[in-house]
Amino acid sequence: MPLLPTALVLTTLLAPPPARFGWPLPPPHPVVRAFEAPATPFGPGHRGADLSAPAGTGVLAAADGVVVFAGPVATRTLVSLQHRGGLRTTYEPVAPTVAAGSPVRRGQVIGHLQEGHCSTPCLHWGARRGTEYLDPLRLVSSPHVRLLPLSAPARSP
């Protein structure tokens with residue numbers, strides 16, 4: 001069996017899959033507050049990322065999915081999308097332009113950013129799978145790849 005050049009093998013094995021998710025706002029994407037995972041299911045944390053943008057900015061579906069909720073919750077309105085693989089994303093405060101049950105495509109406007117979440121307008125973008133909250137910024141950034149040896153070299157005493 002012929003050996004493939006190392007660079008070709010590494011490129012093939014480490015090439016990231018095509019991006020399924022995009023940013024929920026047009027560029028730029030200034031992060032006002034990052035995700036902070038809670039230590040316990042009901043503990044304090046920041047279960048999403050806040051992205052700064054002017055009020056009225058179109059909010060985009062981060063990926064193909066189905067609208068599972070679009071409307072008011074307490075004092076804010078939000079949109080929640082269900083995606084393949086059990087992932088759900090939420091966007092608030094948003095004046096929805098979609099309705100529950102509607103399919104959406106990545107990059108489709110699902111509503112317009114409203115004031116009320118940060119001191120200046122910002123989008124709170126959340127992601128979760130089941131009951132586990134995830135950092136939504138990891139959906140749009142590639143992971144850092146680091147090559148490690150298969151085994152540690154032997155050390156002399």
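Residues numbered from 1 in each chain as written. Predicted model: local features only at pLDDT ≥ 70, side-chain atom pairs only at ≥ 80, totals over all residues. Heavy atoms only, no water.

Chemist: Help me out: how do you make sense of the overall build of the chain in this one?
Modeler: Along the backbone of the chain there are one helix and eleven strands. Traced from its N-terminal end to its C-terminal end, the chain shows the element sequence α-β-β-β-β-β-β-β-β-β-β-β. Across the 157 residues of the chain, 30% fall into the buried class. Contacts in the chain between residues at least 24 apart in sequence constitute 58% of all its contacts with a sequence separation of at least 6. Accessible area of the chain: about 10100 Å², with a carbon and sulfur share of 62%. (Helix = DSSP H or I, 4+ residues; strand = E, 2+ residues; numbered from the N terminus. Buried < 20%, exposed > 50% of the residue type's maximum accessible area, 1.4 Å probe, protein only. Contact = heavy atoms within 4.5 Å. Areas by Shrake-Rupley, 256 points an atom, 1.4 Å probe, with all protein chains shown as cover.)

Chemist: What exactly am I supposed to notice about the pattern of salt bridges here?
Modeler: Pairing is possible between side chains that carry opposite charge, provided their charged atoms lie close to one another. Tallied over the entire structure, the rule returns three salt bridges. Residue D64 is joined to R105 by a salt bridge in which the shortest nitrogen-to-oxygen separation is 3.1 Å. Note that D64 is positioned in the loop between β3 (58-60) and β4 (65-73) and R105 in the loop between β8 (103-104) and β9 (109-113), a separation of 41 residues in sequence. D64 sits in the partly exposed class, given a relative accessible area of 35%. (Salt bridge = Lys/Arg side-chain N within 4 Å of Asp/Glu carboxyl O.)

Chemist: Please clarify how the environment of Q82 should be interpreted in this entry.
Modeler: Summarising the element assignment, Q82 is placed in strand β5 (residues 76-82). What makes Q82 partly exposed here is its relative accessible area of 23%. A distance of 2.9 Å separates a polar atom in the side chain of Q82 from a polar atom in the side chain of R88. (Polar contact = N/O pair within 3.5 Å; in protein donor to acceptor, adjacent residues only side chain to side chain.)

Chemist: How should I be thinking about the environment of L81 in this particular structure?
Modeler: Mapping L81 onto the fold places it in strand β5. The spatial distance from the C-alpha of L81 to the C-alpha of G65 is 6.0 Å, given a sequence separation of 16 residues. Setting aside chain neighbours within four positions, we find L81 in contact with A61, V66, V67, V68, L87, R88, T89, Y91, V104 and I110.

Chemist: What should I look at first to understand the confidence of the model for the chain in this one?
Modeler: In low-pLDDT segments, the atomic positions of the prediction should not be examined closely. For the chain, mean pLDDT is 84; residues scoring 70 or higher make up 78% of the total. Considering only residues more than four positions removed or in separate chains, one finds that residues 3-18, a stretch of pLDDT under 50, has five contacts. (pLDDT = per-residue confidence, 0-100.)

Chemist: What am I meant to see in the sheet that holds β9 here?
Modeler: What holds strands together in a sheet is hydrogen bonding between their backbones, with the strands either parallel or antiparallel. Strand order in the open sheet formed by three strands is β3-β9-β7, with antiparallel pairing between adjacent strands. Strands with a single pairing partner mark the edges of an open sheet, and in this sheet they are β3 and β7 (94-96). Averaged over neighbouring strand pairs, the angle between their axes works out to 45° when direction is ignored. Here three bridges tie β7 to β9, and the two strands are oriented antiparallel to one another. Its bridge partner being in β9, A95 is matched across the sheet by H112. (Pairing = 2+ DSSP bridges. Axes fitted to C-alpha atoms, helices over the stretch in contact; angles between N-to-C directions.)

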